[in-house]
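Below are the chains, spelled out letter by letter.
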Amino acid sequence: MRKQEVRTGGAASQAYGTSSPAEQVKALVDLLAWKGSQGGQTPQVPDRLPDSPLSHHSNDSRIRRYREALLRRMGGGPELSSPSHRLASLLLVEGLTDLQLTEHDFTQVEATRGGRRPARPIGLDRLFLPLSRVSIPPRISITVGVAGMGKTTLVRHFVRLWAQGQLGKNFLLVLPLTFRDLNVHEKLSADRLLCSVFPNIGEAGLDVAAPGRVLLVLDGLDECKTPLDFSNTVACTDPKKEIQVDHLITNIVRGNLFPEVSVWITSRPSVAGQIPGGLVDRMTELRGFTEEEIKVCLERMFPEEQTLLDQVLSRVQADRALYLMCTVPAFCSLTGVALGHSYRSRPTLQDAELWPPRTLCELYSWYFRMALVREGQEKGKVSPRLEQVAHSGRKMVGTLGRLAFHGLVKRKYVFYEQDMKAFGVDLTLLQSALCSCFLQREETLASSVAYCFTHLSLQEFVAAAYYYSASRRAIFDLFTESGMSWPRLGFLTHFRSAAQRAMQAEDGRLDVFLRFLSGLLSPRVNALLAGSLLGQGEHQGCRAQVAELLQGCLQPDTAVCARAINVLHCLNELQHTELACSVEEAMESGALARLTSPSHRAALAYLLQVSDTCSHEANLSLCLSQSVLQSLLPQLLYCQSLRLDTNQFRDPVMELLGSVLSGKDCRIQKIR
């Protein structure tokens, strides 16, 4: 990260420009005379702008109109009516870890056991202020968080508080934009960028409107349709010149455009790495739920159903893997919906073995069943049977599945009407209750409509369901849609293609997709979705071959990588748990030393993440050879406590272990 310059007394006195207050008033009044959006009751706005040189009586009405319009635009959903305490404080971090830069969001949460590295908290009210008396405010600030962590909610919370005069009083103007808004433009100038937010900004722009007191918010870098490339972007200093949107953003970040404007970017961690660390002044991380916050989240979902709440909480607390993922707010809500429906449906289950959900795919299968029930109720059926709404389920997967799958392959997570038409999606179908459980609709500032799945994992689930169904009839590679047919067709051929591509994807973007694809072969999932999404017994004859194929992916690499651990997750979804169970039994009996194959090492690394036995201390005493320890080091980094006594290690290994302990990824707090 870029080191901030120390501000001298002279520079501090000129921090907000040299134009007179009268000039600033006139410029900002012109700037704020924009067309506000309609509708909604206007939240209360302060009568004056605290600590602002522009708080003149003659301008109060126009400034009030601007803030009211901004409050209407931000909305006031339930997530903002009583925001979590965690939104009031972020974690100040020194750059991104290797795990954050290279792995899937699920992997980041699982590998770190839902914990977070030691970091200094910073209040939202101090997010853009100097950290000390001799430093200057950050120009480029980035806030990262995995998908569903609440980055957009955080931005909306900040903007609302600013518009109400409660926060960010050092800013005269806050310009909130999302990359969903920017994606609709092929080319854009800096001036048009401002006009897209405030149509009546005028030709003067920010030149005389105290640009040092303006905050530009760019929410959702991971949704930008074109990756940022700082090494091949031509410099542009002309605010009127139209250039590609990604080039515009890189020039703003570099300071070629709006050099005095503060910029706040939010992103998933892996995509935030596109911005060189030398250009970033401050990086913060939005933390996940604590155990108490998980409980509060579920309590809000079941306010008058204490028995149901207790059952859902007990299930979440009993499953360590599920609990870890519930530290992500969006996943916690999705889990509550799915588990709530599964408990309510328990008396009607013909097979008690289908309850409760044990794997990720089973959980999402229950969510799909819940969505089908809502679809039936919307059509007038009080207690619809799955057979009555099965056609809607298959039609939804056929319609949205191809969109979800190819979006996943191409790293596309936001879709527009032209995308829908290109993939043959019937827009009228998107208004159904079933689709609304998976897809959300949002109007952009350019009056176009953007669609995205309510959580990344739902896009991955629908994509896997589409791939599973399409493999019955596809005579070409579904990943490329090429016209070349294969000599031997069938599900196994398509599964092998998916597994190979997932193992080759260095960023792990197909990891969870492969988990869902494996899980759809599970007998329990097949029974849950038979007739509504899957054919009865479909592809079940391939289970043993798929398990063998997955285990064949565990190559004798020098280190156990995240792709190898994901194979164990896939085997668990498939309900092929023999490998993991054998290693767990050996671990408990102290016989782990004889299990040294690549598959056993991967299983051990998997257990270090998900096993309750290893949650507090990983006991690896008298069982690790030098080679096994070296291969496990990338995964041992995230254990809080390690027991390695009575292992015969040589000096090179101890030196390697020492260097690992000093790395910024390391979470180890105790070794004995």
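Residues numbered from 1 in each chain as written. Predicted model: local features only at pLDDT ≥ 70, side-chain atom pairs only at ≥ 80, totals over all residues. Heavy atoms only, no water.

Asker: So, the overall build of the protein chain: which residues are in play, and what are the values?
Answerer: Looking only at helices and strands, the protein chain features 29 helices and 15 strands. Counting over 672 residues, the protein chain shows a buried share of 56%. (Helix = DSSP H or I, 4+ residues; strand = E, 2+ residues; numbered from the N terminus. Buried < 20%, exposed > 50% of the residue type's maximum accessible area, 1.4 Å probe, protein only.)

Asker: Give a detailed account of unusual backbone geometry, specifying residues and quantitative values.
Answerer: Positive phi outside glycine occurs at Phe258, with the angle close to 50°. Relative to the elements of secondary structure, Phe258 occurs in the loop between helix H10 (245-254) and strand E8 (262-267). For Phe258, a relative accessible area of 12% puts it in the buried group.

Asker: Requested: an account of the environment of Lys395, with residues and values cited.
Answerer: Considering the arrangement of structural elements, one finds Lys395 in helix H17 (residues 386-409). The exposure class of Lys395 is partly exposed, given its relative accessible area of 42%. Separated by 34 residues in the primary sequence, Lys395 and Leu429 have C-alpha atoms spaced 9.2 Å apart.

Asker: Explain the confidence of the model for the protein chain residue by residue, including any values.
Answerer: Chain-level pLDDT for the protein chain is 81 on average; 81% of the residues reach the 70-or-more range. This stretch, residues 5-59, has a pLDDT under 50; its non-local contacts, to residues over four places away or in other chains, come to 95 contacts. (pLDDT = per-residue confidence, 0-100. Contact = heavy atoms within 4.5 Å.)

Asker: Tell me about the nonpolar core, and please be specific about residues and values.
Answerer: Core analysis: the largest hydrophobic core is formed by 207 residues, its most contacted members being Phe331, Tyr364, Leu400, Phe438, Phe461, Phe513 and Leu517. The leading source of residues in this core is helix H20 (residues 456-470), at 11 residues. Leaving out residues up to four positions away in the same chain, Phe513 has contacts with Phe405, Leu408, Glu460, Ala463, Ala464, Tyr467, Phe479 and Ala498. (Core = buried A, V, L, I, M, F, W, Y, C linked by side-chain atoms within 4.5 Å.)

Asker: Account for the sheet that holds strand E11 (residues 439-443), naming residues and giving values.
Answerer: Spatially, three strands are ordered E10-E12-E11 in an open sheet, and the strand pairing comes out antiparallel. On the outer flanks of this sheet lie strand E10 (415-416) and E11, each paired with one strand and no other. Sheet analysis places E10 next to strand E12 (residues 449-453), joined by two bridges and oriented antiparallel. Residue Phe415 lies in a different strand from E12, and its bridge partner there is Tyr451. (Pairing = 2+ DSSP bridges.)

Asker: For the side chain of Asp281, give the residues involved together with the corresponding values.
Answerer: Relative to the elements of secondary structure, Asp281 occurs in the loop between helix H11 (269-272) and strand E9 (282-285). For Asp281, a relative accessible area of 9% translates into the label buried. Here Arg139 takes part through its backbone nitrogen, which lies 3.0 Å from a polar atom of the side chain of Asp281. A polar atom in the side chain of Asp281 sits 2.9 Å from the backbone nitrogen of Ile140. (Polar contact = N/O pair within 3.5 Å; in protein donor to acceptor, adjacent residues only side chain to side chain.)

Asker: So what about the side chain of Arg515? Which residues, and what values?
Answerer: Of note, Arg515 is situated in helix H22 (residues 511-519). A distance of 2.9 Å separates a polar atom in the side chain of Arg515 from a polar atom in the side chain of Glu110. Leave out the neighbours within four places in its chain, and Arg515 touches Phe106, Glu110, Asn566, His569, Cys570 and Glu573.

Asker: Explain the packing of aromatic side chains to me, and be specific about the residues and the numbers.
Answerer: Applying the stated criterion to the full structure yields 21 aromatic pairs. Ring centres of Phe491 and Phe495 lie 6.0 Å apart, and the angle between their planes is 45°; on these two criteria the pair is classed as tilted. Residue Phe491 and its partner Phe495 are located together in helix H21 (residues 491-504), separated by four residues, close to a single helical turn. Phe491 sits in the buried class, given a relative accessible area of 4%. Residue Phe495 is classed as buried on the basis of its relative accessible area of 0%. Put simply, the rings of Phe106, Phe331, Tyr364, Phe461 and Phe516 pair up and form one aromatic cluster. Lying over the aromatic face of Tyr413, Arg268 brings its terminal NZ or CZ to 5.4 Å of the ring centre. Its end group placed over the ring of Trp366, Arg369 keeps NZ or CZ at 4.8 Å from the ring centre. (Phe/Tyr/Trp six-rings, centres within 6.5 Å; stacked < 30°, edge-to-face > 60°. Lys NZ or Arg CZ within 6 Å of the ring centre and 35° of its normal.)

Asker: So, the pairing of E8: which residues are in play, and what are the values?
Answerer: Within E8, six of the six residues are buried, leaving the element largely enclosed by the surrounding structure. Judged by which residues are buried, E8 turns out to be covered on both faces: Ser262, Trp264 and Thr266 on one side and Val263, Ile265 and Ser267 on the other are all buried. The pairing of strand E6 (residues 214-219) with E8 spans five bridges and is classified as parallel. Within the sheet, the bridge partner assigned to Asp219 lies in E8 and is Thr266.

Asker: Account for the environment of Gln108, naming residues and giving values.
Answerer: Looking at the secondary structure, you find Gln108 in helix H6 (residues 105-111). The buried category is assigned to Gln108, whose relative accessible area is 6%. Each C-alpha atom of the pair Gln108 and Val146 lies 8.2 Å from the other, and the pair is 38 residues apart in sequence. Look past the residues within four positions of Gln108 in its chain and what remains in contact with it is Leu99, Gln100, Glu103, Val146 and Pro269. Looking at Gln108, its side chain comes within polar contact range of the main-chain oxygen of Glu103, at 3.0 Å.

Asker: Describe the state of the cysteines, and please don't skip the residues or the numbers.
Answerer: Two cysteines whose sulfur atoms are joined by a covalent bond form what is called a disulfide. Going through the model one piece at a time under the given rule, you end up with zero disulfides. Left unpaired, Cys326 is separated from the closest cysteine sulfur, that of Cys332, by 4.5 Å. With no disulfide of its own, Cys553 lies closest to Cys570 among cysteine sulfurs, the gap being 8.7 Å. (Disulfide = S-S within 2.5 Å.)

Asker: Go over the sheet that holds strand E14 (residues 641-643) with me, naming the residues and quoting the values.
Answerer: If you walk across this open sheet you meet the three strands as E13-E14-E15, and the pairing is parallel. The sheet terminates laterally at strand E13 (618-619) and strand E15 (670-671), the two strands that pair on one side only. As paired strands, E14 and E15 are joined by two bridges and run parallel to one another. Residue pairing in the sheet places Leu642 in a bridge with Ile671 of E15.

Asker: Lay out the packing of helix H24 (residues 543-551) against helix H25 (residues 562-573) in plain terms, naming residues and giving numbers.
Answerer: Packing of H24 against H25 leaves a shortest axis separation of 10 Å and a crossing angle of 165°. The pairing of H24 with H25 is recorded here as roughly antiparallel in orientation. H24 and H25 meet at a crossing whose hand is left-handed. Packed against H24, whose contacting residues are Ala547, Leu550 and Gln551, the element H25 presents Val567, Cys570 and Leu571 at the interface. Per-class residue counts for the contact of H24 with H25 are five nonpolar, one polar and no charged. (Axes fitted to C-alpha atoms, helices over the stretch in contact; angles between N-to-C directions. Parallel < 35°, antiparallel > 145°, perpendicular 65-115°, else oblique. Left-handed = near helix turned anticlockwise from the far one by under 90°. Nonpolar A, V, L, I, M, F, W, Y, C, P; charged D, E, K, R; others polar.)

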